Amino acid sequence: MRYEYYSNLALVSSAVVYMLAMFAHAAEWAAARRLSVTEPAERELVNVAAADNVRPELVVRPELVEGHHQSSSASEPQDQAAVSRRVEQFGRMGVALTIIGFLLSVAGVVTRALAAHRAPWGNMFEFTVMAMVFIVGVYLIMVWRAGVRWLGLPVTLLAAVGNGLAVTVFYVAVAPLVPALHSVWFLIHIVAAAISGAAFNVGGVMSILYLVKKRAEERDNVHGYLERLPSSRKIDLIAYRFLAFAFPLWTFTVVAGAIWAEYAWGRYWGWDPKETWALVTWVIYAGYLHARSTAGWRGTRAAVIAIVGLASFWFNFVGINLFVSGLHSYAGI
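Residues numbered from 1 in each chain as written. Predicted model: local features only at pLDDT ≥ 70, side-chain atom pairs only at ≥ 80, totals over all residues. Heavy atoms only, no water.

## Observations concerning the overall build of the protein
Moving on, step 1. In terms of regular secondary structure, the protein is built from nine helices and zero strands.
Moving on, step 2. Mapped in sequence order, the helices and strands of the protein form the string α-α-α-α-α-α-α-α-α.
Moving on, step 3. Classification of the 333 residues of the protein by burial places 45% in the buried group.
Moving on, step 4. As presented, the protein carries roughly 17000 Å² of accessible surface, and 66% of it is formed by carbon and sulfur atoms. (Helix = DSSP H or I, 4+ residues; strand = E, 2+ residues; numbered from the N terminus. Buried < 20%, exposed > 50% of the residue type's maximum accessible area, 1.4 Å probe, protein only. Areas by Shrake-Rupley, 256 points an atom, 1.4 Å probe, with all protein chains shown as cover.)

The structure is reproduced here in structure tokens:
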């Protein structure tokens, strides 16, 4: 019971720390709104000047227009530098808190395993905290290797909500596995589901950010923190790579689940609600990849399909467990 207490303490603490990280990234986004942006009319003048080889001093500048004072224009760079430093500070604080939350989550999962004397993903509570570990772990690796700190706000929001629900709504005490779970496929199937789920979530979050950035670009209104995000085209490409990685792994998850079902219940497929909705999710993401590769459905239409797929994934994970009875109900919450 001592390990279970430490596990619960670590997981509750991780949910709190993830929330603090989310607040730090929200402050980062809010502070970035004060960064100056080039107005559309001014940007057009500059582009025309560049195209026509007009000398820079002939381009209309806001500080030369009547009503602008030299003193304010001189102080503006200093103000912008201060705002930029504040944005960086909040961003670094958010990443530091995310690392702390991640380590607390890992400690919670490990101590849960020690308390249960088994792999710690035998029910909805344990799978949720494990999935959050994978999601945040992928994000931190991307921050380290690719500098994608701009994902910090949605990822920490997801982690805070996920771990928060896990320790409040989904929590169950440590208990031995039911006989149906005693198989090597228990490890293979659940780990594959957690990794593919993490990639689906990251790809889905990027698809949402793509729609936000694309809308701002179309309105010529990219300002604040949106200026720090990559172009909508690049976000769309990164989201596609994550989903292309996740899909074959999810396919393996479904196949491994069928093999495990034959071991546990004597049949490979029985149209159990969990099995059925896993297939629905597979079909949605198969449609996403097929539409991109054959019909050229990139951009907005592909992002919408990816978001629908993410909603299907979460309904399969949460909705089926909470509201529908089936053979998978042994896992409970």
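From this point, things continue past the structure.
## A closer look at the pattern of salt bridges
Moving on, step 1. Counted by the stated rule, this structure contains seven salt bridges.
Moving on, step 2. Residues R292 and D236 are paired through a salt bridge, measuring 3.1 Å at the closest nitrogen-oxygen approach. Taken together, the positions of R292 in helix α8 (residues 273-295) and D236 in helix α7 (residues 232-265) put the pair 56 residues apart, joining distant regions of the chain.
Moving on, step 3. Residue R292 is classed as buried on the basis of its relative accessible area of 6%. (Salt bridge = Lys/Arg side-chain N within 4 Å of Asp/Glu carboxyl O.)

## Digging into a nonpolar patch on the surface
Moving on, step 1. On the surface, a cluster of nonpolar side chains totalling about 590 Å² of accessible area is made up of Y3, Y5, Y6, L9, V110 and L114.
Moving on, step 2. Listed by contribution, the elements that provide at least two residues to the nonpolar patch are α1 (2-32) and α3 (70-116).
Moving on, step 3. Among the elements that line the nonpolar patch, the one with the most residues is α1, at four residues. (Patch = residues over 30% accessible without salt bridge, like charges linked within 9 Å, V, L, I, M, F, W, Y side chains within 5 Å.)

## Some remarks on the packing of aromatic side chains
Moving on, step 1. Tallying each qualifying case throughout the model produces 15 aromatic pairs.
Moving on, step 2. Ring plane angle 25° and centroid distance 4.7 Å describe the contact between W29 and Y225, whose orientation is recorded as stacked. Taken as a pair, W29 in helix α1 and Y225 in the loop between α6 (184-218) and α7 lie far apart in primary sequence, 196 residues in all.
Moving on, step 3. Y225 gets classed as buried once you look at its relative accessible area, which sits at 4%.
Moving on, step 4. A ring pair is formed by W121 and F186, whose centres lie 6.5 Å apart and whose planes are at 40°; its orientation type is tilted. Highlighted residues: W121 in the loop between α3 and α4 (124-146) and F186 in helix α6, separated in sequence by 65 residues.
Moving on, step 5. Judged by relative accessible area, W121 falls into the buried class, the value being 14%.
Moving on, step 6. Among the residues examined, F186 registers a relative accessible area of 4% and is labelled buried.
Moving on, step 7. Ring pairing ties together the aromatic residues F127, F200, W250, Y285, F313, W314 and F317, which thus form one cluster.
Moving on, step 8. Positioned above the aromatic ring of Y3 is the side chain of R2, whose terminal nitrogen or guanidinium carbon lies 5.3 Å from the ring centre.
Moving on, step 9. The ring of W144 carries R145 above its face, with NZ or CZ at 5.4 Å from the centroid. (Phe/Tyr/Trp six-rings, centres within 6.5 Å; stacked < 30°, edge-to-face > 60°. Lys NZ or Arg CZ within 6 Å of the ring centre and 35° of its normal.)

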